[in-house]
Amino acid sequence: METLQAILLGIVQGVTEFLPVSSSGHLQIAKALLGVEMEENLTFDIVLHAATVLSTIVVLWGEVWRLLKGLFSRHFNEEQAYVLKIVVSMIPIGVIGFMFEDQINAMLEKPYILVIVGAMLLLTAALLSFAYYARPRIKERISYLDALIIGLAQAVAAMPGLSRSGSTIATGLLLGNKKESVAQFSFLMVLAPILGKMLLDVVDGKFSGAMEVPTSSFVAGFIAAFVTGCLACKFMIEIVKRGKLVWFAAYCALAGVVSILSYFLN
């Protein structure tokens with residue numbers, strides 16, 4: 001992988017991680033367009049995800065610091081309740097990751113991956129459209145049940161092409177939660193699973209086989225994903241506040257059709 005390719009993939013990851021358009025799906029499309037083929041496909045993707053995790057922490061540092069301070073209080077408080085809801089939301093993705101990780105990774109190597117990505121992008125478009133036109137009663141706080149259901153949406157979004165942020169934000173909105181609260185919860189709930197996944201891969205030695213990718217490419221991709229991730233995170237929070245998700249539904253529908261057609265026309 002060349003440095004320029006790594007930078008372009010980093011930009012794609014940074015921008016699409018927070019926008020409801022599926023970062024995993026767009027990474028697969030970008031790799032196909034750039035002609036990137038790697039045995040250690042997943043390793044590079046994890047490095048890019050780590051960069052966007054860091055950008056989330058930077059952008060939402062005020063909230064992260066508030067939660068950390070409240071977490072160590074001797075009395076149960078709002079911060080501890082919020083962290084507990086995040087833990088509840090992590091349960092489904094933990095189960096999916098434990099039971100189906102190998103099958104999902106194998107799927108990324110299939111020649112028809114662009115068809116799967118396209119179909120999931122169309123599903124993302126339908127979900128975003130439904131959330132935009134639905135008018136549920138607004139709640140004051142995200143409940144524990146809401147957290148679990150949003151976590152289920154995140155688990156299903158392990159499918160390449162199905163947007164994680166789109167699925168979790170749309171689900172939260174359909175449950176009647178406030179726009180800003182849902183966006184913030186969606187971005188914070190993914191921190192621990194990605195960091196945990198990286199730690200497990202390091203322990204299992206999965207990074208040791210990544211030497212086919214130059215260190216400069218890893219660094220360039222990481223920096224590109226981090227910088228664009230910071231910008232995209234701030235942008236997405238504002239977009240959710242204004243309720244403009246329907247525009248992303250149109251984009252996902254178009255991208256889904258292009259992805260499917262690109263497979264059959266090659």
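This text goes with the structure placed above it.
For every chain, the first residue of the written sequence is number 1, and numbering continues from 1 onward in sequence order. Thresholds applied to this predicted model are a pLDDT of at least 70 for local features of residues and 80 or more for the giving and counting of side-chain atom pairs; totals over whole chains, interfaces and linings are not thresholded and use all residues. To obtain the side-chain values, all non-hydrogen atoms of the structure were used and water was disregarded.

## Focus on the packing of aromatic side chains
For clarity, the cut-off: To pair, rings of Phe, Tyr and Trp, with the six-membered ring standing in for Trp, must have centres within 6.5 Å; the planes then decide the type, stacked if under 30 degrees apart, edge-to-face if over 60, and tilted in the middle. Strands are runs of DSSP state E lasting at least 2 residues, helices are runs of H or I lasting at least 4, and numbering of each runs from the N terminus. Type-normalised accessible area, obtained with a 1.4 Å probe on protein chains alone, sets the label of each residue: buried when under 20%, exposed when over 50%, and partly exposed for intermediate values.
Evaluated as defined, the whole model comprises five aromatic pairs. Relative to phenylalanine 187, the ring of phenylalanine 18 lies with its centre 5.2 Å away and its plane at 85°, an arrangement referred to as edge-to-face. Within this pair, whereas phenylalanine 18 is found in helix H1 (residues 3-18), its partner phenylalanine 187 is found in helix H9 (residues 179-188), the two being separated by 169 residues in sequence. The class for phenylalanine 18 is buried, based on a relative accessible area of 2%. Pairing tryptophan 61 with tryptophan 65 gives two aromatic rings, centres 5.8 Å apart and planes at 25°, and the pair type is stacked. Taken together, the residues span about one helical turn, with tryptophan 61 and tryptophan 65 both in helix H4 (residues 61-71) at a distance of four residues.

## Here's the deal with the pattern of salt bridges
The following threshold applies: Only one rule defines a salt bridge in this text: a Lys or Arg side-chain nitrogen within 4 Å of an Asp or Glu carboxyl oxygen.
This model, assessed by the stated rule, comprises five salt bridges. Between arginine 66 and glutamate 79 there is a salt bridge whose closest N-O contact spans 2.6 Å. Here the residue arginine 66 occupies a position in helix H4, and glutamate 79 occupies one in helix H5 (residues 78-108), the gap between them amounting to 13 residues. We classify arginine 66 as partly exposed; its relative accessible area is 32%. Accessibility expressed as a relative area gives 16% for glutamate 79, which makes it buried. Shared partners join several salt bridges into a network, and the residues in it are Glu63, Arg66 and Glu79.

## Some details on helix H6 (residues 113-133)
Selection criterion: What a helix is expected to span follows from its residue count: subtract one and scale by 1.5 Å. Here a residue-residue contact requires only that any non-hydrogen atoms of the pair lie within 4.5 Å.
Given a rise of 1.5 Å per residue, 21 residues ought to cover 30 Å, and the 31 Å separating the end C-alpha atoms of H6 matches this to within 8%. Close packing links the buried residues of H6 with helix H2 (23-34), H5, helix H8 (164-174) and helix H12 (246-265).

## Thoughts on helix H7 (residues 144-156)
Across its 13 residues, H7 extends 19 Å between first and last C-alpha, which sits within 8% of the 18 Å expected from 1.5 Å per residue. Taken together, the buried positions of H7 are occupied by Asp146, Ala147, Ile150, Gly151, Ala153, Gln154 and Ala155.

## Considerations on the state of the cysteines
Simply put, the disulfide is a covalent bond whose two ends are the sulfur atoms of two cysteines. For clarity, the cut-off: By definition, disulfides here are pairs of cysteine sulfur atoms that lie within 2.5 Å.
A complete count under the given rule lists zero disulfides for this structure. Cysteine 233 supplies the cysteine sulfur nearest to cysteine 230, a cysteine that is in no disulfide, at a spacing of 7.7 Å. Given a relative accessible area of 14%, cysteine 230 falls into the buried group. A residue is classified by how much of its surface remains accessible, and cysteine 233, at 0% relative accessible area, is buried.

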